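Understanding the architecture of this molecule
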Amino acid sequence: MLDQKLIRENPTSVEERLSLRGKVFNISQINELTIKKKEIDIEICSLQSESKKLSKLIGKEIGKSQNNNSLELDNLKKKGNEYRIKISESEEKQRILDKQIQNEICNLPNFPSNDAPIGKDQNNNVELKTWGDPLIRDNLKSHWEIGESLNLFDSIKSTKISKSRFISLIGNGAKLERALINFMLDIHVNNGYLELMPPALVNSESLTGSGQLPKFANESFKCSNDDLWLSPTAEVPITSFHRNEIIDPKQLPIKYVAYSPCFRREAGSYGRDTKGLIRLHQFNKVELYWFCDPSKSLEAHQKITSDAESILKKLNLPYRLVDICTGDLGFSSSRTFDLEVWLPSSKCYREISSCSNCLDFQARRSSIRTKIDKKNTYLHTLNGSGLAIGRTMAAILENGQQSNGSVKIPDALVPYFGSNFLKPA
RNA sequence: GGAGAGGUGGCUGAGUGGUCGAAAGCGAACGACUCGAAAUCGUUUAAUAGGUAACUAUUCGUGGGUUCGAAUCCCACCCUCUCCGCCA
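Residues numbered from 1 in each chain as written. Chains lettered and ligands numbered in written order. Predicted model: local features only at pLDDT ≥ 70, side-chain atom pairs only at ≥ 80, totals over all residues. Heavy atoms only, no water.

1. Section: the side chain of Ser-297
For Ser-297, the position within the fold is in helix 10 (residues 297-314). Given a relative accessible area of 2%, Ser-297 falls into the buried group. For Ser-297, the side chain forms a polar contact with the side chain of Asn-357, separated by 3.2 Å. (Helix = DSSP H or I, 4+ residues; strand = E, 2+ residues; numbered from the N terminus. Buried < 20%, exposed > 50% of the residue type's maximum accessible area, 1.4 Å probe, protein only. Polar contact = N/O pair within 3.5 Å; in protein donor to acceptor, adjacent residues only side chain to side chain.)

This is the structure we're talking about:
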């Protein structure tokens, strides 16, 4: 959520900064509503003030006189009643306006950072660096072909259980998934992160707090009997872990690493990535998350990105670092670095981690503050995948494939997986 | 799921219709004393919105209602605790 004061006092600059996202945002409507609401606020405030004075007067009068039914008192009460009616009428108007305003403001995305490359869509993203040598060879198999031949997972059977875009991991496939989760968690915990295992179901307030609601209700699964949703990312429960808190600045930065299953409806992605582990309704992810002092979030952003990168390096997977352009930024993010892993079968880099600095956008929505110079100030939140497990497995299968049909397990993962190769039965 | 108890400031906890935004204690901050510290004494110490400020309003789990006036009464919901049932 953007600062309401800023929207009110500097609408032109707000519109300009938002327009970097490549869309037109109209703030004037919000401000018209805000002006109307403010007039009513002032009216209510003075009515309440009068009514309060009157009530106190009545209290005193009753205390003084024995007969509580004097004509004077009745008149005073009548007057009070008039106040009450007026106030409740105005409050009704105020409530409606406030709801409209809140809804409009909650639908505004974060400001893109001035450092982010300006651009319209993903074609304008900027490659910052590459690491490792991409495997390029003819006759390379896709990870789903490898997975099928090694009997690591089954999507057909999973369609029977659920529907398309679900997968069951089998035998070594399941073991590899487990190994990757443990491997990543251990590294991040050793690196100063506190491990968190949050609930997988989250309420609407949590989704609103991190920016998924109200705008993206279509992208999450909802439980029909409760105000609960299947969490699309651990970013949601971690943000709300500290919702409505004022955090002691001495505790900052607070760094969490969380393994969680993630559920996404993938509405509008029909026909894309229908095979394999790339785009599923349910996938596992190890997420990194920082709550930090507002003055230190730029540094933190570099750090969280390099923490995610360290996993790819340890697994010896070729990747590149991409600076997401203003038009391609996620709703809550001001700046995002994507890590994209090399997938030889499709001869391209695919997103495996997205590291975002949300500044105070989520903190304001979730009311998470810290004390700076004795003043309560919204802190900054950052999140980054460290990494998406399914896509990591796909990358390992494709990059580690051998001509004899087996797959080489990255050395760092061997202690977790228990052997050097995945071999055909 | 059934029965009961309860949700008050950073924390503990009083307050059952009228200067109550809320006693007291703890904690914290500042000052005095001290070479320094502890102890002691004094002062201060909730948030949000509007305003340069004085100030005004709102907030006692949440949302409604009664009343001139609600932390206090009524209704609904949420949450916590205890007992019972069920269950991994």
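That shown, we press on.
2. Considerations on the domain arrangement of chain A
Under the domain assignment, chain A is made up of domain 1 (4-105) and domain 2 (122-422). Using only C-alpha atoms to locate each centre, domain 1 and domain 2 end up separated by 44 Å. (Domains from an automatic or database assignment.)

3. Things to note about the sheet that holds strand 13 (residues 368-372)
Here three strands make up an open sheet; going across it, the order is 7-13-14 and the pairing mixed. Each of the sheet's edge strands pairs with one partner strand only, and the pair in question is strand 7 (245-247) and strand 14 (375-378). The average undirected angle you get between the axes of adjacent strands in this sheet is 40°. (Pairing = 2+ DSSP bridges. Axes fitted to C-alpha atoms, helices over the stretch in contact; angles between N-to-C directions.)

4. Some remarks on the confidence of the model for chain A
Per-residue confidence for chain A averages 91 on the pLDDT scale, and 99% of its residues sit at or above 70. The complex prediction reports pTM at 0.92, with the ipTM value standing at 0.84. (pLDDT = per-residue confidence, 0-100.)

5. Thoughts on the protein's contact with RNA strand B
Close contacts around RNA strand B come from 18 residues, with Arg-8, Gln-48, Ser-55, Arg-84 and Arg-369 the closest. Atoms of RNA strand B within 4 Å of the protein: sugar and phosphate make up 68%, bases the balance. At 2.7 Å, a backbone N or O of Ser-55 approaches a base nitrogen of RNA strand B. One nitrogen or oxygen atom from the side chain of Arg-369 is found 2.7 Å from a phosphate oxygen belonging to RNA strand B. Listed by contribution, the elements that provide at least two residues to the surface near RNA strand B are helix 3 (28-64), helix 4 (71-106) and strand 13. Broken down by element, the residue count for the surface near RNA strand B peaks at nine residues, all from helix 3. (Near = heavy atom within 4 Å.)

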